[in-house]
Amino acid sequence: MHPAARSKDLLVEPMLDETIVYDLEAHRSHCLNRTAKAVWGYCDGKTPVESMPDRLHDDLGLPGDPALICDALRQLSEAGLLQQPFDMTPAPPASSRRQLCRRLAVAAAALPLITSIVAPTPAMAQSRARRRRRH
Amino acid sequence: MLLRSPVQTLLVDCVSPLAGANFYALCAELNTWPQFCALADRHGVLLLAADRFDRLSPDVFAGQARRIVAREARAPLSRALELSTVLCSVVTALRRSGVRSLALKGPAMSALLYGSPLRRQSADLDVLISPDDAAVAVTALARLGYCMAGDSGALQQGLDLGHLVLMPPSAGPTLELQWDLGRRWQLRDTAPLDFETAWRGRAELAIDGCEVSTLGLRELALALPVHGARHTWSRLLWVCDIAALLESGPSIDWPQVLRVAGRAGCRRRVLLALLLAGRVFRFDLSPVLAGSAECDPPLQRLVAEHLRRLLPASEPALSSELAGRPDYEEEFAALRLFAMCRDGRRERLSTMLGLVAGKLRAAEAAPPRIRSRLVWHVRRAARLASLCLHHLLRRLTRRQAHSPAHIVLG
């Protein structure tokens, strides 16, 4: 399987070890941590999933475990950052983040994580603006 | 300048064009990073600060501090990305309708002053257009889903002052159309900031592959001080803008800017902005500017008062801000500062009276059960008297500007 990252209608901005991706279609933002960003970078449509654990190990020094890659690809797929939805068959046994941390002996921050960001709505922005003094 | 806390000192140092001597030591020592981020966000400089930290080596800025700043910068950065996207769609829609537009503040100014559209925090978008294009622009933006906000009274008041707030079709930023900045900002002579003058001096930028025009540095040298004074310089971001302008525009002919500002009635505001930026970021103004500032003795006192408000000894608690309790002493101090920044005694008095009349009108609108009849009559009389004086003085000091009657409300 050779997952390909979506590149159309996305704005990507790195900031302090994280990467903010703004989806112009869905008008949503996602925050990718270093591991998720690295896996997203491997999704060039040519790199097989099987070779990604080794690359991750080489690049970030993380354990070359397929579960880590599967977790990242699943999150990328759910966030709509892959061209095709990721569906790995046969799927590796599901593990929670805590189980992964324990099994791989890594900190939770090292696991792939994609967070959706809620930008302030106009009403929130206006209420903030009203609090500032206007004359 | 005396800064009151390590958080304030670090905040100023990390957004300063000149790195402070204690910057690295403060970074290492500070252990109240959530407080730092909250203050930076309140002053609109969290993205500038995060960018500064981002350029430091991970060895210097690491661990918990790095994680906290990154986490707190996510939402503003996401908002900045959204604003730049929406700005491009708005500018493109206006261009297709044959409307020339100049993006104010927000991503365009961020790109011009800081080299990236994602460094200035803004809540909404502001676009300056020609008064002749106002109706066409509203129609073009309606096709994007924008609609007018507020009741007809507020809309009419906005139209009279040359601006219109448009609500987005979904959860996006509001858009403010402006076509008479000089009138809205109460300049004596509106010509230096009218659309045609601004268009001739415009700066062209590329934001996400879209060509965007914005105010040129010479116009910014007038607009930024007037805008900052309008908000009594309550955010560090506006002072940063002045410092960035001084840094990015060494070719600005400041004596000429001061001459134009003198005609427009905002010379004191321009000098105040420059002095304030110099005091906050600890740099000296050129002898010409310093000499001009010395000719206006109250300026130093005004700078000191603004500094006290900008970085107070104790930051107001967010909870009391949210409670929205009116602080009349604070409000009056802000009104007085606002009026004192005007050029000329007559204009200052007129401004003060106009502001007081506005506040009294708001007080009159309070629910009947909390106002006594006597107080109500006294307030009403005071408001009418101040309004009369205000209008009389305005007629003496300002020329009439045209009102665009061609926008139909509804």
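What counts and what doesn't
- Residues numbered from 1 in each chain as written.
- Chains lettered and ligands numbered in written order.
- Predicted model: local features only at pLDDT ≥ 70, side-chain atom pairs only at ≥ 80, totals over all residues.
- Heavy atoms only, no water.
- Helix = DSSP H or I, 4+ residues; strand = E, 2+ residues; numbered from the N terminus.
- Contact = heavy atoms within 4.5 Å.
- Areas by Shrake-Rupley, 256 points an atom, 1.4 Å probe, with all protein chains shown as cover.
- Salt bridge = Lys/Arg side-chain N within 4 Å of Asp/Glu carboxyl O.
- Buried < 20%, exposed > 50% of the residue type's maximum accessible area, 1.4 Å probe, protein only.
- Pairing = 2+ DSSP bridges.
- Axes fitted to C-alpha atoms, helices over the stretch in contact; angles between N-to-C directions.
- Parallel < 35°, antiparallel > 145°, perpendicular 65-115°, else oblique.
- Left-handed = near helix turned anticlockwise from the far one by under 90°.
- Nonpolar A, V, L, I, M, F, W, Y, C, P; charged D, E, K, R; others polar.
- pLDDT = per-residue confidence, 0-100.
- Polar contact = N/O pair within 3.5 Å; in protein donor to acceptor, adjacent residues only side chain to side chain.

### Focus on the overall build of chain B
Then step 1. What chain B contains, in helices and strands, is 20 helices and 7 strands.
Then step 2. Of the contacts formed within chain B by residues at least 6 apart in sequence, a portion of 71% connects residues at least 24 apart.
Then step 3. Working note: accessible area of chain B is about 18100 Å², and carbon and sulfur atoms make up 55% of it.

### Notes on the pattern of salt bridges
Pairing between side chains of opposite charge can happen when the charged atoms of each approach one another.
Then step 1. With the rule as written, the count across this model stands at 21 salt bridges over all chains.
Then step 2. A salt bridge links Arg74(A) to Asp71(A); the nearest nitrogen and oxygen atoms lie 2.5 Å apart. A residue pair is termed a helical-turn pair when its members lie 3 or 4 positions apart in one helix, as Arg74(A) and Asp71(A) do in helix H3 (residues 66-78) at 3 residues.
Then step 3. Owing to a relative accessible area of 39%, Arg74(A) belongs among the partly exposed residues under this scheme.
Then step 4. For Asp126(B), the salt bridge identified is with Lys105(B), shortest N-O distance 3.6 Å.

### As for the sheet that holds strand E2 (residues 18-23) of chain A
All names here are of chain A.
Then step 1. Taken in spatial order, the 4 strands of this open sheet run E1-E2-E3-E4, and their pairing is antiparallel. Of all the strands in the sheet, the pair left with one neighbour each is strand E1 (10-15) and strand E4 (114-117). Pairwise comparison of adjacent strand axes, ignoring direction, gives a mean angle of 25° for this sheet.
Then step 2. Two strands pair when backbone bridges link them, and E1 and E2 are joined in this way by 6 bridges, in the antiparallel orientation. Following the sheet pairing, Glu13 is matched in E2 by Ile20.
Then step 3. Contacting E1, E2, strand E3 (28-32) and E4, helix H1 (residues 34-42) runs over the sheet at an angle of about 105° to E3.

### Focus on the pairing of strand E1 (residues 101-104) of chain B
All names here are of chain B.
Then step 1. Residues Ser101 and Ala103 of E1 are buried on one face, and the alternating residues Leu102 and Leu104, pointing to the opposite face, are buried as well.
Then step 2. In this structure, E1 lies alongside strand E2 (residues 125-129), joined through 4 bridges in antiparallel fashion. When the bridges of E2 are listed, Ser101 appears paired with Ile129.

### A few points about unusual backbone geometry
Trans is the common state for peptide bonds, and a negative phi is the common state for residues other than glycine.
All names here are of chain B.
Then step 1. Even without glycine at this site, Thr232 takes up a positive phi of about 45°.
Then step 2. Secondary-structure assignment places Thr232 in the loop between helix H11 (217-230) and helix H12 (236-248).
Then step 3. Since its relative accessible area comes to 1%, Thr232 is described here as buried.
Then step 4. In this structure, Arg282 is a non-glycine residue whose phi angle is positive, near 55°.
Then step 5. Residue classification places Arg282 among the partly exposed positions, given a relative accessible area of 44%.

### Points about the packing of helix H6 (residues 106-114) of chain B against H11(B)
Residue and element names in this part refer to chain B.
Then step 1. It is the contact of H6 with H11, at a shortest axis distance of 13 Å, that shows an interaxial angle of 115°. Considering the angle they form, H6 stands roughly perpendicular to H11. Here H6 and H11 pass one another in a crossing that is left-handed. Listed contacts from H11 to Met109, Leu112 and Leu113 of H6 are Leu217, Leu220 and Leu224.
Then step 2. When grouped by side-chain class, the residues that make up the contact of H6 with H11 number 6 nonpolar, no polar and no charged.

### Brief notes about the confidence of the model for chain B
Residue and element names in this part refer to chain B.
Then step 1. This prediction gives chain B a mean pLDDT of 84; 86% of its residues lie at or above 70.
Then step 2. When pLDDT is averaged over each element of chain B, E1 comes out on top at 96 and helix H17 (residues 318-323) at the bottom at 46.
Then step 3. Low pLDDT, under 50, characterises residues 318-323; the predicted model gives this stretch 7 contacts beyond four residues in sequence or across chains.
Then step 4. pLDDT under 50 marks residues 400-405. Its contacts with residues more than four places away, or in other chains, come to 7 contacts.
Then step 5. As scored by the predictor, the complex reaches a pTM of 0.83 and an ipTM of 0.81.

### A word on the pairing of strand E6 (residues 203-207) of chain B
Residues and elements named next belong to chain B.
Then step 1. The alternating pattern of E6 places Ala203, Leu205 and Ile207 on a buried face, while none of Glu204 and Ala206, on the opposite face, is buried.
Then step 2. As judged from the 5 bridges shared by E6 and strand E7 (residues 210-214), these two strands associate in the antiparallel manner. The partner of Ile207 across the bridge, within E7, is Cys210.

### Remarks on the environment of Glu72(B)
Residues and elements named next belong to chain B.
Then step 1. Inspection of the secondary structure puts Glu72 in helix H5 (residues 63-96).
Then step 2. Under the relative-accessibility criterion, Glu72 is labelled partly exposed at 33%.
Then step 3. Separated by 175 residues in the primary sequence, Glu72 and Glu247 have C-alpha atoms spaced 28 Å apart.
Then step 4. Apart from residues lying up to four places away in sequence, Glu72 is in contact with Cys37 and Leu46.
Then step 5. At a separation of 3.2 Å, a polar atom in the side chain of Glu72 contacts the side chain of Arg71.

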